[in-house]
Amino acid sequence: MQKLYVVVYHYVRDLKYSRYPNIKGLDVRLFKEQIAFFKENFNAVTMEDVLDYYDRGTPLPDKALLLTFDDAFIDHYTVVFPVLQENHMQGTFFIPGQVYAECKMPDMNKIHFIIEKAPVSDIYNEVLRRIDDLISNHECELPSREELLEKYAFDKRFDKKETVFVKQMLQTVLPEDIRHRITAELFDRYVGVDERIFGAELYMTPDQVRFMKRSGMFIGLHGYGHYRLNSLSPEKLKEDMDAAFSAMSDVIDPKNPVMNYPYGSYNEASAEYLRKIGCRASFTVEPRIADLDVDDRMLLPRLDCNDFPPKSEHYLEV
Ligand SMILES: [Zn+2]
């Protein structure tokens, strides 16, 4: 048995004093406390250590811990990176190709800030109204409103059902061009900042990512367009992963590409495909402790930063 605690972070910022205080993230102060807790109670390892276990069986220490940061937020450069350096820890940063190459916002990030700006019930009603219009105008093939609600409006671990429904509709269920258009309109209405300017403030620049890599951080793949891989056709999957590899070629380890499924969404076909193109490992968001001897390395689970002190002690129960 080779246990590994993998932790996932997204936004890590001074929430209270930021322009978007309701964004779901970890406050800087709590992040620093958490790192101190990890230093005291766990043994941080690097991605190279994990791959070395696979290659040569070099055992990891007891309570081995791997820290991962998704989506290329500027927080990771300004807040996370200095704290990790100070504590001699490595972070693995999973970066969507389109953010790195084009500084283009995936719809998912627009949705976070739309929900930050407006009551989720308003967005929920707006999305329902749009769905009614799409159905009555026969713009696309959709199940009825009732069927959609039954299938996609349910409470999740970190989101209420209205939020889950909005995210599902705008991230996956509605046809891509339509959901892209609706998300852009809502972003414009509620956030009201040109998305190129917003993106330039929200993400790390390629130079910053390259500097982190040179300083010992590990850079991983996170698809190109931040799609749910289980929603893509085989052709689209290949196209998206080819684009991700080529966009990220100067920062990933070409011999050891490591991937992380956007939204943690995968299916057998996407996991097999990643294996076939030489990914060494891939991560999900299934919240439990990984066992490198048992778990499929293309489906490594990760716990959320909210599962550990000072947020909670949930990690003791998984
Ligand atoms: Zn992501």
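Residues numbered from 1 in each chain as written. Predicted model: local features only at pLDDT ≥ 70, side-chain atom pairs only at ≥ 80, totals over all residues. Heavy atoms only, no water.

## Some words on the pairing of strand S6 (residues 91-95)
Within S6, five of the five residues are buried, leaving the element largely enclosed by the surrounding structure. The side-chain alternation of S6 yields two buried faces, one formed by Gly91, Phe93 and Ile95 and the other by Thr92 and Phe94. Relative to S6, strand S5 (residues 64-70) is paired through four bridges, and the arrangement is parallel. Paired with Leu67 across the strands is Gly91, a residue of S6. At this point the chain moves from S5, through helix H3 (residues 75-86), to the parallel S6, and the crossover so formed is right-handed. (Buried < 20%, exposed > 50% of the residue type's maximum accessible area, 1.4 Å probe, protein only. Helix = DSSP H or I, 4+ residues; strand = E, 2+ residues; numbered from the N terminus. Pairing = 2+ DSSP bridges. Right-handed = clockwise from strand over helix to strand, strands pointing away.)

## Thoughts on the layout of surface pockets
To find the voids left in a structure, one rolls a probe of water-molecule size over its atoms. There is about 1,200 Å³ of room inside the largest pocket. His10, Lys24, Phe158, Asp159 and Lys167 are the residues nearest the centre of the largest pocket, which is lined by 41 residues in total. Those elements giving two or more residues to the lining of the largest pocket turn out to be strand S1 (3-9), strand S3 (25-27), helix H5 (107-117), helix H8 (161-173) and strand S11 (303-304). No other element matches the five residues that H8 contributes to the lining of the largest pocket. Residue composition of the lining of the largest pocket, by class: 17 nonpolar, eleven polar and 13 charged. Split by domain, the residues of the lining of the largest pocket number at least three in each of domain 1 (3-103 + 203-316) and domain 2 (107-197). As for the second largest pocket, its lining consists of 18 residues, and the residues nearest its centre are Asp107, Glu176, His180, Gly225 and Tyr227. When contributions to the lining of the second largest pocket are tallied by element, the ones reaching two or more residues are helix H4 (97-102), H5, H8 and helix H9 (176-190). The element contributing the most residues to the lining of the second largest pocket is H9, with three residues. For the lining of the second largest pocket, a count of residues per class yields seven nonpolar, five polar and six charged. Structurally, the lining of the second largest pocket is a two-domain feature, drawing no fewer than three residues from each of domain 1 (3-103 + 203-316) and domain 2 (107-197). (1 Å grid on protein atoms, 1.4 Å probe; cavity = no way out; pocket = protein on both sides within 12 Å on 5 of 7 lines; lining within 4 Å. Points joined across faces, edges and corners; volume = space filled by probe spheres on them. Nonpolar A, V, L, I, M, F, W, Y, C, P; charged D, E, K, R; others polar. Domains from an automatic or database assignment.)

## Structural notes on the domain arrangement of the chain
When cut into domains, the chain gives domain 1 (3-103 + 203-316) and domain 2 (107-197). In this structure, domain 1 and domain 2 have C-alpha centres spaced 26 Å apart. The junction of domain 1 with domain 2 conceals about 1,600 Å² of combined surface from both sides, 49% of it contributed by carbon and sulfur atoms. For domain 1, the biggest contributors to the area lost against domain 2 are Tyr20, Arg228 and Tyr263; these three give 32% of the whole. At the boundary of domain 1 with domain 2, the tally comes to two salt bridges. The shortest N-O distance in the salt bridge between Arg157 and Asp307 comes to 2.4 Å. The interface formed by domain 1 and domain 2 includes nine residue pairs in polar contact (both at pLDDT 80 or more). (Buried area = accessible area lost by both parts, 1.4 Å probe. Salt bridge = Lys/Arg side-chain N within 4 Å of Asp/Glu carboxyl O. Polar contact = N/O pair within 3.5 Å; in protein donor to acceptor, adjacent residues only side chain to side chain.)

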